[in-house]
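Inside the fold
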Amino acid sequence: MKRNQIASRINNKVLEPVRLFMGQEESGGIMLVISVLMAMVLANTALGPGYHDFFQQTFGFLWNGDSYFNFTLHHWINDGLMSVFFFLVGLELKREFIAGELADLRNTVLPIGAAVGGMQIPAAIYLSFNAGTEEAVGWAIPMATDIAFALGVVSLLGSRVPSSVKVFLTTLAIVDDLGAVIVIALFYTSEISVLNVLLGLGFLLLMFIGNKLGVKNLLFYALLGIAGVWVCFLLSGVHATIAAVLAAMTIPADSEIDENTFLHRVRKLTRRFDKAESNDVRTLEKEQVEILAHIQKDTTTAIPPLQLIEHHLNPIVTFIVLPVFAFANAGVNLVDIDWSAVFATNITIGVALGLLVGKPLGVLGVSWLLSKLGFAKLPADMSKRRLLGLGFLASIGFTMSMFVSTLAFQTEMMLTQAKIGIFMASILGGLIGYKLLKSSSNKN
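A brief report on the enclosed structure follows. Residue positions are given per chain, counting from 1 as you read along its sequence in written order. Where totals are concerned, whole chains, interfaces and linings use all residues; where local detail is concerned, this predicted model gives features only for residues with pLDDT of at least 70, and gives and counts side-chain atom pairs only at 80 or more. Side-chain measures were taken over the full set of non-hydrogen atoms in the model, leaving aside hydrogen atoms and water.

Let us now look at the pattern of salt bridges. Where side chains of opposite charge bring their charged atoms close, a pairing between them can arise. Basic side-chain nitrogens of Lys or Arg form a salt bridge, by our definition, when they fall within 4 Å of a carboxyl oxygen of Asp or Glu. Under the counting rule described, the total for this entry stands at five salt bridges. Asp176 serves as the salt-bridge partner of Lys359, at 2.7 Å between the closest nitrogen and oxygen. One end of the pair, Lys359, is in helix α15 (residues 347-372); the other, Asp176, is in helix α7 (residues 163-187), with 183 residues separating them in the sequence. Each member of the pair, Lys359 as well as Asp176, is classed as buried. Strands are runs of DSSP state E lasting at least 2 residues, helices are runs of H or I lasting at least 4, and numbering of each runs from the N terminus. Only protein chains enter the area calculation, which uses a 1.4 Å probe; residues under 20% of their type maximum are buried, those over 50% are exposed, and those in between are partly exposed.

So this is what it looks like as structure tokens:
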């Protein structure tokens, strides 16, 4: 069998199904579910000790006999790998503020208000159970919404959910992410090294100046962002994920050449390619290769660096970063757990009710209040049932809630209590939200 035939079969039987899977909206949620199930299976079998020990291995750098950045694998995942996720969040936020759903705040009063209500009420419910105790530090855990899971559930309903409803949920989740970033920056930092913060801000200023001077070289931003901003913030005590968001805000959102210039160049080059001398073999002539190289270069320079990075990072975050984070953090041993100890504090009940009750109440209540007061108007396709369904989908905290819990609690039992509350609320909230949205589409 010829080599190209073998390659074609591999492409059709292996690679094409993978590409199709990755192109589906719900794929990210499916990957997260698989990662969670794998973690839970390993944690609740004889492989459990090995699973936990694996993430406690330390890695660092040696220089002249001294060790630097000597952190556990779990720490590297939560502070390093998740910084990639937050960098993507920062890029998405900047794009939304420039030309997306958040560009005109007058059109986003309702989802922004719903998002704020969906953050405040869950925190208040958690504190109503834990105020005045050491567990109160976890108040921000039920504030977060897992956008990948929530949108994944909506995508399962396909065209039965109107686009206006999807836009509402997307905007709500974006504002929710912004709120999580602010909360982490203000409330979940350790002792701060002012010198390292100032150094990090200095590197950030250089990135900003580079943007204003028209620098589009991605290597410039990568070196300053990682070796400068991220490292300084990692050493400062301010959580390193904040550095990722700030660095993302300095990435240029404009391209080297505008759309009209690009179209003019490509049309000219394609005419040249059409007239160029060809041959009867598989390889191209030198002139054809040069023309295609020019087209490739112009195509790259026509894409704003912000969107180019976002395009390449999306699959990495969806299919590597978040699944690895979930796999490293979702492994809770339910077999040998002392359930009386789990409910010895109000962490589990506070997180579960904060998400499952607080999110729908905040989203529906604030949306209703804003519409009644005349500050905003519900979309034509947004019934109360659909709005309540979105509120329950917003209670899927999962990835973001687990991330905040790792910042809030240092003891294994408290982390376990928080994770159980997150699992309970996320599963129930997802199922209820799906049922409500499905029934609302059947009635319309």
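Here we take up the packing of aromatic side chains. Two aromatic rings from Phe, Tyr or Trp, using only the six-membered ring of Trp, form a pair when their centres are within 6.5 Å; if the ring planes differ by under 30 degrees the pair is stacked, by over 60 it is edge-to-face, and anything between is tilted. Inspection of the entire model under this criterion finds 14 aromatic pairs. Between Tyr51 and Phe327 the ring centres are 5.6 Å apart and the planes differ by 85 degrees, which places this aromatic pair in the edge-to-face class. In this pair, Tyr51 sits in helix α3 (residues 48-54) while Phe327 sits in helix α13 (residues 305-329), placing the two residues 276 residues apart along the sequence. Between Trp76 and Trp230, the ring centres sit 6.4 Å apart and the planes meet at 25 degrees, which makes this aromatic pair stacked. Linking Trp76 in helix α4 (residues 73-99) with Trp230 in helix α9 (residues 218-236), this pair joins segments that are 154 residues apart in sequence. By relative accessible area, Trp230 is classed as buried at 16%. Clustering of aromatic rings is evident, with ring pairs tying together Tyr51, Phe54, Phe55 and Phe327.

Take a negative patch on the surface next. Patch members must show over 30% relative accessible area and no salt bridge, and they are joined within 9 Å when carrying like charges or within 5 Å when they are nonpolar side chains of Val, Leu, Ile, Met, Phe, Trp or Tyr. Every accessible area reported is derived by Shrake-Rupley at a probe size of 1.4 Å, with residue values counting cover from the shown protein chains alone. His residues and chain termini do not enter the charge count, which takes Lys and Arg as positive and Asp and Glu as negative. Just so you know, the charge point we use is NZ for Lys, CZ for Arg, CG for Asp and CD for Glu. A cluster of acidic residues, Glu277, Glu285, Glu287 and Glu290, forms a negative patch on the protein surface. With respect to the secondary-structure elements, Glu277 resides in the loop between α11 (259-275) and α12 (286-301).

Turning next to the environment of Leu370. With respect to the element layout, Leu370 can be found in helix α15. For the pair formed by Leu370 and Gly29, sequence separation is 341 residues and the distance between their alpha carbons is 32 Å. Note on contacts: a residue pair is in contact if any heavy atoms of the two residues lie within 4.5 Å. For Leu370, the contacting residues outside a window of four places in its chain are Val109, Leu110, Gly113, Phe375 and Ala376.

In this structure, Phe398 takes a positive phi of about 30 degrees despite not being glycine. Tracing the sequence through the fold places Phe398 in helix α17 (residues 398-408).

This brings us to the packing of α11 against α12. Angles run from 0 to 180 degrees between N-to-C directions of axes, and those axes are lines fitted to C-alpha atoms, restricted for helices to the stretch in contact. Where α11 meets α12, the axes come as close as 10 Å, and the angle between the chain directions of the two elements is 165 degrees. By the angle class used here, α11 and α12 are roughly antiparallel. The interaxial crossing formed by α11 with α12 has left-handed handedness. Note on element contacts: α12 touches α11 through Glu287, Gln288, Ile291, Leu292, His294, Ile295, Asp298 and Thr299, opposite Phe262, Arg265, Leu269, Thr270, Arg272 and Phe273. Its residues assigned to classes, the contact of α11 with α12 shows six nonpolar, four polar and four charged. Any angle from 65 to 115 degrees is called roughly perpendicular, while one under 35 is roughly parallel, one over 145 is roughly antiparallel, and all others are oblique. By the definition used in this description, the sense in which the near helix is turned from the far one sets the handedness, with an anticlockwise turn below a right angle giving left-handed and a clockwise turn giving right-handed. Note on residue classes: Ala, Val, Leu, Ile, Met, Phe, Trp, Tyr, Cys and Pro are nonpolar, Asp, Glu, Lys and Arg are charged, and everything else, Gly too, is polar.

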